[in-house]
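Here's the letter readout for the chains.
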Amino acid sequence: MSGRNLPLEQFKTEQSRKFNKYDYAGTKALFSCGVDPLTKQRRCMMYRIPQDLSKQYVQEAIALNLLETYD
């Protein structure tokens, strides 16, 4: 099933109306590892990517803490 390719602002608006901001259909996961700038420790994260968010906005959504994460 493909998503609706929402722009970031529309995704943010729709999520802000929900009780749980992580209540979205996620079809993909993104794994990222790096060094935490505060602790200088290696840290790996998994982000659940919403199927309705346009791919071009995923990085910005991560930076704005809009996506569900697991570490």
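Refer to the structure above for everything that follows.
We now turn to the structure provided with this report. Nothing here was measured: the structure is a model prediction, and the numbers come from that model.

Let us now look at the pattern of salt bridges. Inspection of the entire model under this criterion finds six salt bridges. Between glutamate 14 and arginine 4 there is a salt bridge, with the nearest N and O atoms lying 2.6 Å from each other. In this pair, glutamate 14 sits in helix H1 (residues 8-16) while arginine 4 sits in the segment before H1, placing the two residues ten residues apart along the sequence. Given a relative accessible area of 47%, arginine 4 falls into the partly exposed group.

With that settled, the discussion passes to the packing of aromatic side chains. With the rule as written, the count across this model stands at one aromatic pair. Pairing phenylalanine 11 with tyrosine 24 gives two aromatic rings, centres 5.9 Å apart and planes at 65°, and the pair type is edge-to-face. With a gap of 13 residues between them, phenylalanine 11 in helix H1 and tyrosine 24 in the loop between H1 and strand E1 (26-35) connect regions that are remote in the sequence. Judged by relative accessible area, which is 2%, phenylalanine 11 ranks as buried.

Our focus in this paragraph is the sheet that holds strand E2 (residues 42-50). The strand order E1-E2-E3 describes an open sheet built from three strands, whose pairing is antiparallel. The strands lining the two open edges of the sheet, one partner per strand, are E1 and strand E3 (68-70). Geometrically, the sheet is characterised by an average inter-axis angle of 25° between neighbouring strands, direction not taken into account. Pairing between E2 and E3: three bridges, direction antiparallel. For arginine 48, the partnering residue across the bridge sits in E3 and is glutamate 68.

What counts, and at which threshold
- Residues numbered from 1 in each chain as written.
- Predicted model: local features only at pLDDT ≥ 70, side-chain atom pairs only at ≥ 80, totals over all residues.
- Heavy atoms only, no water.
- Salt bridge = Lys/Arg side-chain N within 4 Å of Asp/Glu carboxyl O.
- Helix = DSSP H or I, 4+ residues; strand = E, 2+ residues; numbered from the N terminus.
- Buried < 20%, exposed > 50% of the residue type's maximum accessible area, 1.4 Å probe, protein only.
- Phe/Tyr/Trp six-rings, centres within 6.5 Å; stacked < 30°, edge-to-face > 60°.
- Pairing = 2+ DSSP bridges.
- Axes fitted to C-alpha atoms, helices over the stretch in contact; angles between N-to-C directions.

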